[in-house]
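Each chain is listed here by its residues.
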Amino acid sequence: MSAIEDEKRAAAEEAAGLVEEGMTLGLGTGSTVAYLLPALAARGLRLRCVATSPQTEQAARELGLPLEPFEALDRLDLTIDGADQIDPAGWLVKGGGAAHTREKVVAAASDRFVVIASSGKLVEAIAPPVPLELLLFGVRATLRALGPAELRDLPPSPDGGVIADYLGPVEDPADLADRLAAIPGVVEHGLFPPELISEILVARDGRIERIVP
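How each quantity is defined
- Residues numbered from 1 in each chain as written.
- Predicted model: local features only at pLDDT ≥ 70, side-chain atom pairs only at ≥ 80, totals over all residues.
- Heavy atoms only, no water.
- Helix = DSSP H or I, 4+ residues; strand = E, 2+ residues; numbered from the N terminus.
- Buried < 20%, exposed > 50% of the residue type's maximum accessible area, 1.4 Å probe, protein only.
- Contact = heavy atoms within 4.5 Å.
- Pairing = 2+ DSSP bridges.
- Axes fitted to C-alpha atoms, helices over the stretch in contact; angles between N-to-C directions.
- Salt bridge = Lys/Arg side-chain N within 4 Å of Asp/Glu carboxyl O.
- Core = buried A, V, L, I, M, F, W, Y, C linked by side-chain atoms within 4.5 Å.

Draft legend 1. Highlighting unusual backbone geometry. Following proline 128, the chain continues into proline 129 via a peptide bond in cis, with omega recorded as 5°. Take proline 129: it is sitting in the loop between β6 (110-118) and β7 (130-134). Not every positive phi belongs to a glycine, and alanine 98 is a case in point at roughly 65°. Inspection of the secondary structure assignment puts alanine 98 in the loop between β5 (92-93) and α4 (100-108). Although it is not a glycine, aspartate 205 sits at a positive phi angle of roughly 55°. The topology assignment puts aspartate 205 in the loop between β12 (199-204) and β13 (207-211).

Draft legend 2. Region of interest: the environment of isoleucine 208. Within the secondary structure layout, isoleucine 208 lies in strand β13. For isoleucine 208, a relative accessible area of 26% translates into the label partly exposed. Between the C-alpha atom of isoleucine 208 and that of arginine 75, which follows or precedes it by 133 residues, the distance is 28 Å. Apart from residues no more than four positions distant in its own chain, isoleucine 208 is found in contact with Ala10, Ala11, Glu14, Leu201, Val202 and Ala203.

Draft legend 3. The arrangement of the sheet that holds strand β2 (residues 48-51) in detail. Taken in spatial order, the six strands of this open sheet run β2-β1-β3-β6-β12-β13, and their pairing is mixed. Sheet topology places β2 and β13 at the edges, where each strand pairs with a single neighbour. Averaged over all pairs of adjacent strands, the angle between strand axes in this sheet comes to 20°, irrespective of strand direction.

Draft legend 4. Expanded view of the pattern of salt bridges. One pass over the structure, following the stated rule, counts 18 salt bridges. Between glutamate 103 and lysine 94 there is a salt bridge whose closest N-O contact spans 3.3 Å. The same class applies to glutamate 103 and to lysine 94, which are both buried. We note a salt bridge from glutamate 209 to arginine 207, for which the minimum N-O separation is 3.5 Å.

Draft legend 5. Fine view of the nonpolar core. In terms of nonpolar packing, the biggest core is built from 27 residues, with Val19, Leu25, Leu36 and Ile80 touching the most fellow members. Broken down by secondary-structure element, the contributors of at least two residues to this core are α1 (3-16), β1 (24-27), α2 (33-43), β2, β3 (76-81), β6 and β12. Per-element accounting of this core gives the leading share, five residues, to α2. Setting aside residues up to four positions removed in sequence, leucine 25 forms contacts with Val19, Leu40, Leu47, Arg48, Cys49, Val50, Leu76, Leu78 and Ile80. Counting residues in each nonpolar core, the second largest holds 18 residues, with Val93, Leu132, Leu176 and Leu191 among its members.

Scope: geometric values only; no functional claims are made or implied.
Now the structure itself:
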C-alpha cells in the first residue's frame, strides 16, 4: 500500500471511531470513504445510514451496513466524507466523484460534518476545476453564463443532472460560490464553506491532524 493510501486508511479509521451506537450517519463518496466503510462494518454498531451515491450504497450494502433512503430522515447525527482540495481557511472542493450535490445536502442536514483526507489534499489556495451539477434544460446557455466550463463525459447524476467543471480562476472561494449559485441552471457547485464543517482529520507522517475551520 502506498503512503497516500496509508494516509487515507488512517484518516478513515480515526473517523470510524467517532461513530456511536444508534447514530444516524451520512456516508460520503470517494476513495477515502472506501476505507471508512469496512472500518465501520467491523465495529458492528446499530446505525441508520444514508449513502450519497450509488457507488457508496453498493459498497455499504456488500459490507452489511444498514441503509435507508434519505427521505425517511430529516436530520443526521454525523456525516463523514472526503475532499478533493482543502484550503487553509477550511474551504473544500468536492465532486471529483460527481456526487457533490447529494454530499452537500447530506452534510448540511448533519449535526456534525467530519472530513477525512490524506495530506496531499491540503492546498495553499483553491484551484480549478470546481465540479458542477447542471440542469440539462438549457445546458449550453448555462455553460455560456458560467464562463470557462466544460461538460464531463459522464452519465447524468442519480437526480438527472449533468456533470461539468468550472475552469476559471478562483480568486475568492466565497465570491465564486455566490456567483455560481446565482446562475440559473446550476443545480449545485462543489465549493463547501468552512461554516459547514465541524472538523477535518488529515493523516500525515503517521499521525492525525485535527483542523477545526
